[in-house]
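Here is what each chain is made of, one letter per residue.
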Amino acid sequence: MTEQEELQQDKWRKDFLITWVNRFSFFVAHHLTRPVLPLYLVTFGASSTVIGAIMAVFTITSTVMRIPIGLLVDRVGRKPFLLAGAALFIAGNFGYLWAPTILLLIPGRILHGIGWSASTTAVATLAADLAPQKRRGELIGYAAMASSLGGAIGPVAGFALLHEYGYPGVFIGAVILLMGSLLLSLWVPEPARVPAGKEYPFRWIDLLVIPETLLPAVTVAFISFGQGGILTFLPIHALKLGLANPGLWFGLYAVCLLIVRPFAGPLSDRVSRRAVVVAGLFLNFGRNCLLVLADSPAGLMAAAVVGGLGTGAAQPALMTVAVDQTSPQRRGQSLAQFQCFYDLGIGLGSLSLGAFLDLVDQNFSLMYAVTSMVALLGFWTYWKRSG
C-alpha cells in the first residue's frame, strides 16, 4: 500500500468514526423517549387507540418527509440536514416537556418526525458514501451498530431517568444529548460530489420512487409493522407481566442486534445478501410467535433475543441491497425510500394495532398473532421476488 493510499484509508476511517458517533448520539436521544412516551400519554388519560394515533403522528410526518429530504440530500448535501435535524429534534422534546394537553403534544411529534427524517437520512447516506464498495455490507452493518447500541442504552437509561427524575428528566436528558450531537455535526465531513453519469429522460415518477430498490424497501416495512406495535405497546404489556423496567427488554433486544451484526455484515459480502436477509426474516417471524406465547417476563426476554438476532441480520443487509442497486447520484433518495417504508410500517403498526387492541379488550397475544402473520407474508414476498 502506497503512502497516498494509507492517508486516504486513515481519512475515511476517521470520517466514518465521526459519523458513527454522531449517529449513536441521535439514537440514544431518540430511544430515551420512545418507550417512555406511551406511558406519558397514559398520564393524560389516553386510550390505546389515542396512544397509537399520537405515536403515529411522528411516523407519518417522518414518512411524508423522507422522499423530499432524500432528494435534497442528494442535491444540497448531507451536513445541512444533520444540523437541521438535531435542531428540530431538540424543539420536539421541549414540546413534549411543555405540552399541557394531549392535543398540544402533536406539534412536538411533528417537529420530532421532521428532525428524525432529516438526521437519519443524512447520516445513513454519509455512512454509505464513506464505505469502500468491497466492504460495504460489513461497514453498513457497523454503522447500524450505532443505532443498535443507542437502542440498547436509550430505553434502560430512559426508564432509569423516569424513576429518578420523572418525565421532565427524560426529555431534558434527550435534549442534552441532542445538543452534543448538534455540536458534533459541525465536524462531520461533507463528501465530494460524484459527477453525474449518463443522462436519462426526466420522468416525474423518478422524484417519488426508485423501482430497482423497491423490494428491500417493501420488505423492511413488513419487519417494521411488528416493530410499531412492539415499540408502542410492549412497555405497557411488560409492566402487566411484572417486568418492572421494560427498558430491559429493549436493552436485551439491542444487545442481540449488536452481537449479530459483526457476523451478518461480512457474510452478506462473502456469501450473499439474500441468504442473510432470508435468515433474518425467519427469525423475525419467530420473535412474533414467541410474543404470542409469552406469559411471563422470561417469555418476553426470549422473544427479545430471537428478534434482535433476526432484525440485526435482515435490516442492514436490506439497506445494503438498496445501496448496491442504485447510483451514487441517487443514493440519498434510495436510502430515503428505504427509511420511508420502514417508517410507514412503524406508523401503520402503531396506529392499526392500537385500534385492534381496543377491539379485542387489550388482548396482547392476539395483537402479536397479527404481527406474526404480517411477518410471514414479508418472508414469503422476499423469498419469491428475490430468487
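Further up the page is the structure itself.
## Thoughts on the side chain of arginine 261
With respect to the element layout, arginine 261 can be found in helix H8 (residues 247-270). Lacking a salt bridge, the buried arginine 261 has aspartate 269 as its closest oppositely charged neighbour, with an N-O distance of 13 Å. Side-chain polar atoms of arginine 261 contact the backbone oxygen of glycine 312, separated by 3.3 Å. For arginine 261, the contacting residues outside a window of four places in its chain are Gly141, Ala144, Met145, Ser148, Pro266, Thr311, Gly312, Gln315 and Pro316.

## Regarding the nonpolar core
In terms of nonpolar packing, the biggest core is built from 67 residues, with Leu234 and Trp249 touching the most fellow members. Looking at which element gives the most residues to this core, the answer is helix H10 (residues 297-324), with 11 residues. Once you skip the residues sitting within four places of it in the chain, tryptophan 249 turns out to touch Ile230, Leu234, Leu243, Leu300, Met301, Ala303 and Ala304. Ranked by size, the runner-up nonpolar core spans 21 residues in total, among them Phe26, Ala29, Ile90 and Ala118.

## Section: unusual backbone geometry
Although it is not a glycine, aspartate 361 sits at a positive phi angle of roughly 60 degrees. Position of aspartate 361 relative to the elements: it lies in the loop between helix H11 (331-359) and helix H12 (364-386). The class of aspartate 361 is exposed, set by a relative accessible area of 67%. A positive phi angle is found at glutamine 362, which is not glycine, with a value near 60 degrees. The residue glutamine 362 is located in the loop between H11 and H12 in this model.

Definitions and cut-offs
Per chain, residues are indexed from 1 in the order of the written sequence. The predicted origin of the model limits local features to residues at a pLDDT of at least 70 and limits the giving and counting of side-chain atom pairs to 80 or more, whereas totals for whole chains, interfaces and linings rest on all residues. Only hydrogens and water are set aside when side-chain values are computed; all heavy atoms of the structure are taken into account. Counting from the N terminus, the helices are DSSP H or I runs at least four residues long and the strands are E runs at least two residues long. Only protein chains enter the accessibility calculation, which uses a 1.4 Å probe; a residue whose area is less than 20% of its type maximum is buried, one above 50% is exposed, and one in between is partly exposed. The charged-residue count follows a simple rule in which Lys and Arg add positive charge and Asp and Glu add negative charge, with His and chain termini not counted at all. A carboxyl oxygen of Asp or Glu within 4 Å of a side-chain nitrogen of Lys or Arg is what we treat as a salt bridge. In protein, a polar contact means a hydrogen-donor-capable atom and an acceptor-capable atom, both N or O and within 3.5 Å, with residues adjacent in sequence counting only if both atoms are side-chain atoms; elsewhere, any N or O pair within 3.5 Å suffices. Here, residues are in contact when the closest pair of their heavy atoms is within 4.5 Å. We call a set of buried residues a nonpolar core when its members are Ala, Val, Leu, Ile, Met, Phe, Trp, Tyr or Cys and they connect through side-chain atoms within 4.5 Å of each other.

Purely geometric stuff here, so don't read any function into it on its own.
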